[in-house]
Amino acid sequence: MSRPKNQNYKGHGLSKGKEREQRASIRFKTTLMNTLMDVLRHRPGWVEVKDEGEWDFYWCDVSWLRENFDHTYMDEHVRISHFRNHYELTRKNYMVKNLKRFRKQLEREAGKLEAAKCDFFPKTFEMPCEYHLFVEEFRKNPGITWIMKPVARSQGKGIFLFRRLKDIMDWRKDARSSDDQKDEIPVENYVAQRYIENPYLIGGRKFDLRVYVLVMSYIPLRAWLYRDGFARFSNTRFTLSSIDDQYVHLTNVAVQKTSPDYHPKKGCKWMLQRFRQYLASKHGPEAVETLFSDMDNIFVKSLQSVQKVIISDKHCFELYGYDILIDQTLKPWLLEVNASPSLTASSQEDYELKTCLLEDTLHVVDMEARLTGREKRVGGFDLMWNDGPVSREEGPPDLSGMGNFVANTHLVGCFLNLKRPWIGTPGWLSWLSSCLRLRS
């Protein structure tokens, strides 16, 4: 259970096993009225708690965390949906700062080749504090496109593209004005980031990928990768001749659904499996496998970059939404990591995806104490990192000829939906062969 901390109360909670045996039901709390609430209310044995009642599981928003976490006592079994300083990865400026620091660390300890594995984010400067460094870089490469993003906003709010320094002079004036008037609210921090001018296009339209990673612990690092996700498309054909058109350059659903061409039933998403099949038909299986292996590297390296700074509390878990952009060379770029990825469905297919995602997240969090702790697959999740890379010892045979070690992730490789109960039974190889024929 949870309760406010006070000096007179010194309870420590019972051991994990005993505490769970004594609970006839799991009391949950959330303020999010979307797919999450549907999943929680339909989960057997889970009971909703309202107002100030004691809870065992709280899917909270980050504002509650900021105001209450340090003042709340939590028994051993209690779980909450964010790490205390999650923003080290999910604020755009902190994410880049930690990645730059981690890259330097890798170069010192393991050499330039290993450090180069962190070269998956565009050149970025924090504004206004790195303004002069940005101007120096800007003048080295005249004519290229840059994108400005507020560090702590989401859904495409406050983002704009520019090619001339005078295009951000109004913003710069606001920053100086704020410096002169210390008593007023300071100017909002931004990042200025080199815009990826050669995005991979499908049907002439730009898109990015949303992939989900569930972190149960940072010390040791224990992370699960979800097999399903989606590509988010713009509704307008891509062009660099109109950098002011947000419907061309921003793929956020919150932006695209305001487009005159938006179709609410069709939406603007492809499921990840459909995207893989499309790429394989165009580029072949090896290129697709390399791409998704490079994406795995992004997930692991980004988590490692904050492993020593995130407060790893045993009560916390985090479901991250990674936004990945693919360029025309099939190189993946990390755009940002979301601590509160949208759980509101934009279509029936999206609702089904997010329902399964949340159900499987609750399976991994395991409030019911059903897991042994040795699982490598739970629902749609694969254990990707468990204080080290996780190999896949069961499932389909290794047809790659790369040896015994196979990463335990199914963003890479064949288009297997491992929720299918017949995987591994007689006849499944025929189905696999039909999938492989889609690649040619």
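Keep in mind that this is a model prediction, so the values were computed, not measured.

**Observations regarding the overall build of the protein chain**
Logical step 1: Of regular secondary structure, the protein chain possesses 14 helices and 17 strands.
Logical step 2: Burial statistics for the protein chain: of 440 residues in total, 52% are counted as buried.
Logical step 3: Only carbon and sulfur atoms are counted for the fraction: they give 50% of the accessible area of the protein chain, which is about 21500 Å².

**Concerning the pattern of salt bridges**
Logical step 1: Inspection of the entire model under this criterion finds 19 salt bridges.
Logical step 2: Close ionic contact of K92 with E336 constitutes a salt bridge, the shortest N to O distance being 3.7 Å. Pair noted here: K92 is in helix α5 (residues 92–110) and E336 is in strand β15 (residues 332–338), with a separation of 244 residues, a long-range link.
Logical step 3: K92 sits in the buried class, given a relative accessible area of 6%.
Logical step 4: Classification of E336 as buried rests on a relative accessible area of 14%.
Logical step 5: Among the salt bridges present, the one from R103 reaches D119, with a minimum N-O distance of 2.6 Å. Here D119 lies in the loop between α6 (112–115) and β7 (124–127) and R103 lies in helix α5, a separation of 16 residues in the sequence.
Logical step 6: Overlapping salt bridges, with partners in common, bring together D208, R210, R232 and D323 in one network.

**Details of the packing of helix α11 (residues 272–283) against helix α12 (residues 285–306)**
Logical step 1: One can describe the packing of α11 onto α12 by two numbers: an axis separation of 8 Å at closest approach and a directional angle of 135°. With respect to their mutual orientation, α11 and α12 come out oblique. Where α11 approaches α12, its residues L272, F275, R276, L279, A280 and H283 are matched on the opposing element by A287, V288, L291 and F292.

**Describing a positive patch on the surface**
Logical step 1: On the surface, K100, K104, R108, K123, K140 and R194 cluster together to form a positively charged patch.
Logical step 2: At 3 residues, the largest contribution of residues to the positive patch is made by α5.
Logical step 3: Within the secondary structure layout, K100 lies in helix α5.
Logical step 4: A residue is classified by how much of its surface remains accessible, and K100, at 30% relative accessible area, is partly exposed.

**Some details on the sheet that holds strand β2 (residues 26–30)**
Logical step 1: An order of β3-β2-β4-β6 is seen for the 4 strands of this open sheet, with the pairing classed as parallel. Edge positions in the sheet fall to β3 (46–48) and β6 (79–80), since each has one partner strand and no second.
Logical step 2: Sheet topology places β2 next to strand β4 (residues 57–59); 3 bridges connect them, and they run parallel. Directly across from F28, in β4, lies its bridge partner F57.
Logical step 3: In the packing of helix α13 (residues 348–365) onto the sheet, the strands contacted are β3, β4 and β6, and the crossing angle to β4 comes to about 140°.

**Things to note about the packing of aromatic side chains**
Logical step 1: Enumeration over the complete set of coordinates arrives at 28 aromatic pairs.
Logical step 2: Relative to F138, the ring of F134 has its centre 5.7 Å away and its plane inclined at 55°; by these criteria the two rings are tilted. Taken together, the positions of F134 and F138, both in helix α7 (residues 131–140) and 4 residues apart, correspond to about one turn of that helix.
Logical step 3: For F138, a relative accessible area of 9% gives the class buried.
Logical step 4: Taking the centre distance of 6.4 Å and the plane angle of 65° together, the rings of F275 and F292 count as edge-to-face. With F275 in helix α11 and F292 in helix α12, the pair connects residues that are 17 residues apart, well separated along the chain.

**A few points about unusual backbone geometry**
Logical step 1: A cis amide bond links M127 to the next residue, P128, at an omega of 10°.
Logical step 2: Among the secondary structure elements, P128 is positioned in the loop between β7 and α7.
Logical step 3: The phi angle at L330 is positive, at roughly 65°, despite the residue not being glycine.
Logical step 4: Within the fold, L330 resides in the loop between β14 (318–326) and β15.
Logical step 5: With a phi angle near 60°, A369 is a residue other than glycine that sits in the positive phi range.
Logical step 6: In this fold, A369 is placed in the loop between α13 and β16 (377–378).

**Some thoughts on the sheet that holds strand β9 (residues 160–162)**
Logical step 1: If you walk across this open sheet you meet the 4 strands as β7-β10-β8-β9, and the pairing is antiparallel. Both edges of this open sheet fall to β7 and β9, since each of them pairs with a single strand only. If you compare each strand with its neighbour and ignore which way they point, the axes differ by 25° on average.
Logical step 2: Relative to strand β10 (residues 190–194), strand β8 (residues 146–150) runs antiparallel, the two being bridged by 5 bridges. When the sheet's bridge partners are listed, I147 is paired in β10 with Q193.
Logical step 3: Along the sheet, α5 makes contact with β7, β8 and β10, crossing β7 at roughly 130°.

**Side note on the confidence of the model for the protein chain**
In low-pLDDT regions, the fine details of the predicted coordinates are not to be read closely.
Logical step 1: Summing up the model confidence of the protein chain, the mean pLDDT is 81 and the portion of residues at 70 or higher is 75%.
Logical step 2: Here residues 6–20 is a poorly scored stretch, pLDDT under 50, and it has 23 contacts once near neighbours within four places are set aside; other chains count.
Logical step 3: Here residues 394–405 is modelled with pLDDT under 50, and outside its nearest four sequence neighbours on either side it reaches 13 contacts, counting other chains as well.

Conventions adopted
Residues numbered from 1 in each chain as written. Predicted model: local features only at pLDDT ≥ 70, side-chain atom pairs only at ≥ 80, totals over all residues. Heavy atoms only, no water. Helix = DSSP H or I, 4+ residues; strand = E, 2+ residues; numbered from the N terminus. Buried < 20%, exposed > 50% of the residue type's maximum accessible area, 1.4 Å probe, protein only. Areas by Shrake-Rupley, 256 points an atom, 1.4 Å probe, with all protein chains shown as cover. Salt bridge = Lys/Arg side-chain N within 4 Å of Asp/Glu carboxyl O. Axes fitted to C-alpha atoms, helices over the stretch in contact; angles between N-to-C directions. Parallel < 35°, antiparallel > 145°, perpendicular 65-115°, else oblique. Contact = heavy atoms within 4.5 Å. Patch = residues over 30% accessible without salt bridge, like charges linked within 9 Å, V, L, I, M, F, W, Y side chains within 5 Å. Lys, Arg positive; Asp, Glu negative; His and termini not counted. Charge placed at Lys NZ, Arg CZ, Asp CG, Glu CD. Pairing = 2+ DSSP bridges. Phe/Tyr/Trp six-rings, centres within 6.5 Å; stacked < 30°, edge-to-face > 60°. pLDDT = per-residue confidence, 0-100.

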